[in-house]
Amino acid sequence: MTLNIAELLARQPSGLPRYTSYPPANHFEPDGGPALLGALVAAASAADKLSLYIHIPYCDRICWFCGCHTKQTMRYEPVADYVKVLVQEIALWGAELKRKVPVSALHLGGGSPSLLRREELQMIKEALHAAFDFSQTPEISIEIDPSDVKDGTIADLMSFGMTRASIGVQDFDPAVQAAINRPQSFELTRDVVRALRAAGIQSINIDALYGLPLQDTGKLALTLKKVLNLEPDRIALFGYAHVPWMKPHQRLIDEKTLPDSAMRLQQAEFAANVITDFDYRAIGIDHFAKPGDTLALAAKRGRLHRNFQGYSDDDASVRLGFGPSSIGCFPGGYVQNEVATGRYATLVQTGRLALARGLALSDDDRMRSFIIERLLCDFAFSFDELVKCFGVSALPLISQACGIAAGEYAELCWVDDAGLHMTDEARPVVRIIAAQFDTWLKPAEQRYSKVV
Ligand SMILES: C[S@@+](CC[C@H](N)C(=O)[O-])C[C@H]1O[C@@H](n2cnc3c(N)ncnc32)[C@H](O)[C@@H]1O
Ligand code: SF4
């Protein structure tokens, strides 16, 4: 019997978490952050390497679909003022740690880090080098809005140390672009890709979206043709998350023009076929990479990870986040900075770290986090690995897996001696199986984005 995913989706009462962490960030508790500081500092000081995330919460335009934590500014002064606080926060972390810990990866996200100018990039670089050890030439990835790129922008980002670039495209169709307030020509995008290649960037990701207003498979096909023409090393194809209760500017999108769940599924499947026909490997639920790309290699070896930026081959066990709303994680739990830029700045300017919320992981959370991350990355998890990591206390979760595969979701997955495996057809709805292991999920209270 073939699986009817559209019918299955129609039966889901609401959306589900994206599982970029487990438990998802909406369960972090006020004051949980400061309470975890000591444990986080100890873990970071002892770590063999650290992963760093820096958030730039500013853009010079606001796209109506945007779900990121950002604010529009037409003046540069607020950005320059913000960077002065950011470098203070980096210095505060440097002072907390017992030694300069090597950095394996640094990601500048936002918002739009591409609007930073040379002076501010230099200030951030100096603060980072004073606080951490950059001698192991970490990967430095930066999110770029092509409309920010002026003469000198790419040279400035290169002198910061950029090794990877991620470019926002979303959709090239003019009607879709008008419906999401994101005008962006193919020619501009192509010129930015060419300039990045000419500057020596060997790894370029392009973000595209399905499920946007007025989108259909025909328009998606034309967008993907143009994206593929640019030969990115990776493509992130996210389903548009329409969450106007969290992002009021999304109300500017006419909901009548949004594709329904069945159309979204059709678009996701269509796009995946188009991209994989071009010899990209499908990675997790929404990424694609050329076969030789480190993300594809990590996926092949079962070494893929999922974090707040999506999929990654970075295996550092401690990640520090800088800037408002940034999340840090370590084996003992998660911490999140103040979300409001003003409150974040006040704390940092008075010499305090801006940790506001967090969560200490219980042993049960850690086991479920392991299972959910492996499901989202590999569409399977190994019983042996689980027991190797957590001992006999993992046995009830193996029984739970057997129950899931024998029950309501028998069409989506099966178990054997090795572990639980999703069927190929069910991969797009892996979040439904992940949610079976989520003891924090309260469907009646939480509102999440659509499953596909
Ligand atoms: C910080 S932005 C990328 C950098 C830059 N600001 C830009 O827009 O080009 C990160 C990415 O998140 C994705 N994104 C933003 N809002 C989203 C939403 N509501 N649903 C799904 N993906 C979203 C977009 O693909 C976007 O390129
Ligand atoms: S999509 Fe990018 S440029 Fe547009 S508002 Fe969001 S972060 Fe800013």
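Only a predicted model underlies this, so the values are computations on that prediction, with no experimental measurement involved. (Residues numbered from 1 in each chain as written. Chains lettered and ligands numbered in written order. Predicted model: local features only at pLDDT ≥ 70, side-chain atom pairs only at ≥ 80, totals over all residues. Heavy atoms only, no water.)

Chemist: Which residues make up the overall build of the protein chain, and what are the values?
Modeler: Assigned secondary structure in the protein chain consists of 15 helices and 20 strands. Taking 452 residues into account, the globule formula puts the C-alpha radius of gyration at 22 Å, and the protein chain, at 21 Å, falls close to it. If you line up the protein chain on its principal axes, its C-alpha atoms span 60 × 50 × 40 Å. Residues counted as buried form 55% of the 452 residues belonging to the protein chain. With the model as given, the accessible surface of the protein chain reaches about 19,100 Å², and the carbon-plus-sulfur share is 54%. Across the protein chain, the centroid of the 46 positively charged side chains sits 3 Å from that of the 54 negatively charged ones. (Helix = DSSP H or I, 4+ residues; strand = E, 2+ residues; numbered from the N terminus. Rg over C-alpha atoms; globule rule 2.2 N^0.38 Å. Buried < 20%, exposed > 50% of the residue type's maximum accessible area, 1.4 Å probe, protein only. Areas by Shrake-Rupley, 256 points an atom, 1.4 Å probe, with all protein chains shown as cover. Lys, Arg positive; Asp, Glu negative; His and termini not counted. Charge placed at Lys NZ, Arg CZ, Asp CG, Glu CD.)

Chemist: For the site of ligand 1, give the residues involved together with the corresponding values.
Modeler: Around ligand 1 there are 20 residues in total, and Phe 65, Gln 170, Arg 182, Asp 207 and Ala 241 lie nearest to it. Measuring from a nitrogen atom of ligand 1, one finds a backbone N or O atom of Phe 65 at 2.8 Å. The backbone of Gly 67 places a nitrogen or oxygen atom 2.9 Å from a nitrogen atom of ligand 1. Against a free-state accessible area of 560 Å², the protein chains account for coverage of 89% of ligand 1. Counting only elements with at least two residues in the shell around ligand 1, the list comes to β6 (139–144), β7 (164–170), β8 (203–210) and β9 (234–239). Each residue belonging to the shell around ligand 1 can be placed in one class, and the counts come to 8 nonpolar, 8 polar and 4 charged. (Near = heavy atom within 4 Å. Polar contact = N/O pair within 3.5 Å; in protein donor to acceptor, adjacent residues only side chain to side chain. Nonpolar A, V, L, I, M, F, W, Y, C, P; charged D, E, K, R; others polar.)

Chemist: Describe the packing of aromatic side chains, with residues and values.
Modeler: Enumeration over the complete set of coordinates arrives at 9 aromatic pairs. Both rings, one in Phe 308 and one in Tyr 334, keep their centres 6.1 Å apart while their planes meet at 85°; by these two values the pair is edge-to-face. On the criterion of sequence distance, the pair formed by Phe 308 in the loop between β12 (305–307) and β13 (310–312) and Tyr 334 in strand β16 (residues 333–337) is long-range, its members being 26 residues apart. With relative accessibility at 8%, the residue Tyr 334 sits in the buried group. When the centroid spacing of 5.8 Å and the interplanar angle of 80° are considered together, the rings of Phe 370 and Phe 390 count as edge-to-face. (Phe/Tyr/Trp six-rings, centres within 6.5 Å; stacked < 30°, edge-to-face > 60°.)

Chemist: Tell me what's going on with the pairing of β7, and back it up with residues and numbers.
Modeler: Buried residues dominate β7, accounting for 7 of its 7 residues. Here β7 shows no split at all, with Arg 164, Ser 166, Gly 168 and Gln 170 on one side and Ala 165, Ile 167 and Val 169 on the other all buried. In the sheet, β6 pairs with β7 via 4 bridges, with the strands oriented parallel. Looking at β7, one finds that Ile 144 is bridged to Ile 167. By the bridge criterion, 6 bridges tie β7 to β8 in an arrangement that is parallel. The partner of Ile 167 across the bridge, within β8, is Ile 206. (Pairing = 2+ DSSP bridges.)

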